[in-house]
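Commentary on secondary and tertiary structure
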Amino acid sequence: MYSYIGKRLLVAIPTLLIISIFVFSLQKLLPGDPVLAMAGEERDPQVLELLREKYRLNDPVIYQYAYWLQGVARGDLGVSLRTNQPVLTLVAEKLPVTIQLAVMSMIFAFMIGIPMGILAAVKKNTFIDFLANIVALCGLSVPNFWLGIMLILLVSVKLHWLPASGYQPFFEDPWRSIQTMLMPSFVLGNALAATLMRHTRSSMLSVLSADYIRTARAKGLPEAAVVLQHSFRNAILPVVTVSALLFGELLAGAVLTEQIFTIPGFGKLIVDAVFNRDYAVVQGVVLCTAVGFIAMNLIADILYVVLNPRMRAAL
């Protein structure tokens, strides 16, 4: 197991290096000059030159990349060109918000998508299967921003059940924090639930047609035991992979949902950084997102080994 994890980590290192090269190169193609954005209306040529020297913008791109990569290796993601704050500090402020939103969204996705997928597979070609597919199609088709606005109008404006927007740190007021996150989490989880439902249904259908499932039923086992213990345990592997990828997407930030509900997460941070030509923040956030994706894929690979006895035996 440890050698397997070590090999996966070794693969992650060149992956991150390639991602860092692409991020650093592509953000240089953004239109505009970050120094001009920092200087504002009073653009003294001497001040502009000092700012370029301070942030090494006059150096060749390869030297700028090498200097930035050296800082990343030391845990220094640079300094925001706009606020003059360390990027690592900004990431540390926004990351708990995004993680909380992602975790709560995945809880909603699991609660809705997996049971629906199991029911749709067990009741194949029935009204329940048809209804589950319609719900999944609606979840994929309805835009998050429209659903978010409708929920605000209904739940907050009409019924006064939940706050319409804003964010409360979890450790300051846990209950208030959960209240502010319920609607945006449901909006994101609803869309993810549709994807999980389709994958769970497809995986369950392939397992339910296997010979050992027919044998289990022939032995007289209860249907619940056949479905949950024998079928779902073997059908869950593809769902684990999809869930890891979906969680990685959430860690990248849900831009529209965060804007609608005024949540100060990664999505808002990177949008503001792009508009302000804040290269250091863009690089830092994208690099942290890439690390999150790689970590989630590593966790999915480990769960594959834990859940699949044949892979354990092979290792």
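Here the structure is a predicted model, which means the values were calculated and not measured. (Residues numbered from 1 in each chain as written. Predicted model: local features only at pLDDT ≥ 70, side-chain atom pairs only at ≥ 80, totals over all residues. Heavy atoms only, no water.)

**So, the packing of aromatic side chains**
- Under the defined criterion, the tally for this structure stands at three aromatic pairs.
- With 6.2 Å between their ring centres and 45° between their planes, Tyr65 and Trp68 make a pair best called tilted. Taken together, the positions of Tyr65 and Trp68, both in helix α4 (residues 61-73) and three residues apart, correspond to about one turn of that helix. Comparing Tyr65 with Trp68 shows no difference in burial state: the two are buried.
- Arranged with centres 5.5 Å apart and planes meeting at 85°, the rings of Phe170 and Phe171 form a pair that is edge-to-face.
- The exposure class of Phe170 is partly exposed, given its relative accessible area of 33%. (Phe/Tyr/Trp six-rings, centres within 6.5 Å; stacked < 30°, edge-to-face > 60°. Helix = DSSP H or I, 4+ residues; strand = E, 2+ residues; numbered from the N terminus. Buried < 20%, exposed > 50% of the residue type's maximum accessible area, 1.4 Å probe, protein only.)

**Here we look at the UniProt feature "transmembrane region" (unreviewed entry) in the protein chain**
- Cross-referencing UniProt, the feature "transmembrane region" (unreviewed entry) maps to residues 9-26, 99-122, 134-157, 177-196, 235-261 and 281-307 in the present numbering.
- Regarding residues 134-157, the helix share stands at 92% and the strand share at 0%, and the terminal C-alpha atoms are separated by 29 Å. (UniProt positions renumbered as here; feature names shortened; annotations may be inferred.)

**So, the nonpolar core**
- Ranked by internal contacts, the top residues of the largest apolar core, which has 43 residues, are Met183 and Met204.
- Elements represented by at least two residues in this core include exactly α5 (87-122), α7 (144-158), α8 (174-208), α9 (211-218), α10 (223-251) and α13 (279-307).
- The element best represented in this core is α10, accounting for 12 residues.
- Ignoring any residue separated from it by four or fewer positions in sequence, one finds Met183 in contact with Leu151, Ile152, Val155, Ser156, Leu162, Pro163, Ala164 and Phe261.
- Within the second largest apolar cluster, 16 residues are counted, among which are Trp68, Val87, Leu269 and Ala280. (Core = buried A, V, L, I, M, F, W, Y, C linked by side-chain atoms within 4.5 Å. Contact = heavy atoms within 4.5 Å.)

**What about the confidence of the model for the protein chain?**
- Here the protein chain averages 81 in pLDDT, and 91% of its residues register 70 or above.
- Looking across the protein chain, the model is least confident in helix α14 (residues 309-314), with a mean pLDDT of 65, and most confident in α5, with 88. (pLDDT = per-residue confidence, 0-100.)

**Some remarks on empty space enclosed by the protein**
- This structure, assessed with the given rule, holds one cavity of 30 Å³ or more.
- Estimated volume of the largest cavity: approximately 40 Å³.
- Counting only elements with at least two residues in the lining of the largest cavity, the list comes to α5, α6 (127-141) and α8.
- Its residues assigned to classes, the lining of the largest cavity shows six nonpolar, two polar and no charged. (1 Å grid on protein atoms, 1.4 Å probe; cavity = no way out; pocket = protein on both sides within 12 Å on 5 of 7 lines; lining within 4 Å. Points joined across faces, edges and corners; volume = space filled by probe spheres on them. Nonpolar A, V, L, I, M, F, W, Y, C, P; charged D, E, K, R; others polar.)

**Structural notes on the layout of surface pockets**
- In this structure, the largest pocket occupies an estimated 440 Å³ of space.
- As for the largest pocket, its lining consists of 20 residues, of which Tyr55, Tyr67, Trp68, Gly78 and Val79 are closest to the centre.
- Residue assignment for the lining of the largest pocket shows that the elements contributing at least two residues are α4 and α13.
- Among the elements that take part in the lining of the largest pocket, α4 stands out by supplying five residues, more than any other.

**Section: the packing of α6 against α8**
- Where α6 contacts α8, the axes come no closer than 7 Å and their chain directions differ by 140°. The angle between the axes of α6 and α8 places the two elements in the oblique class. Crossing geometry of α6 relative to α8 is assigned as left-handed. Side by side, α6 and α8 meet where Asp129, Ala132, Asn133, Ala136, Gly139 and Leu140 of the first sit next to Asn190, Ala191, Ala194, Thr195, Met197, Arg198 and Arg201 of the second. (Axes fitted to C-alpha atoms, helices over the stretch in contact; angles between N-to-C directions. Parallel < 35°, antiparallel > 145°, perpendicular 65-115°, else oblique. Left-handed = near helix turned anticlockwise from the far one by under 90°.)

**A short note on the pattern of salt bridges**
- The final tally for this structure, using the stated rule, is one salt bridge.
- For the salt bridge of Arg201 with Asp129, the shortest nitrogen-to-oxygen distance reads 2.9 Å. Within this pair, whereas Arg201 is found in helix α8, its partner Asp129 is found in helix α6, the two being separated by 72 residues in sequence. (Salt bridge = Lys/Arg side-chain N within 4 Å of Asp/Glu carboxyl O.)

**Notes on unusual backbone geometry**
- Phi at Asn125 takes a positive value of approximately 65°, unusual for a residue other than glycine.
- Looking at the element boundaries, Asn125 is found in the loop between α5 and α6.
- The phi dihedral of His160 falls on the positive side, at around 60°, and the residue is not glycine.
- Tracing the sequence through the fold places His160 in the loop between α7 and α8.

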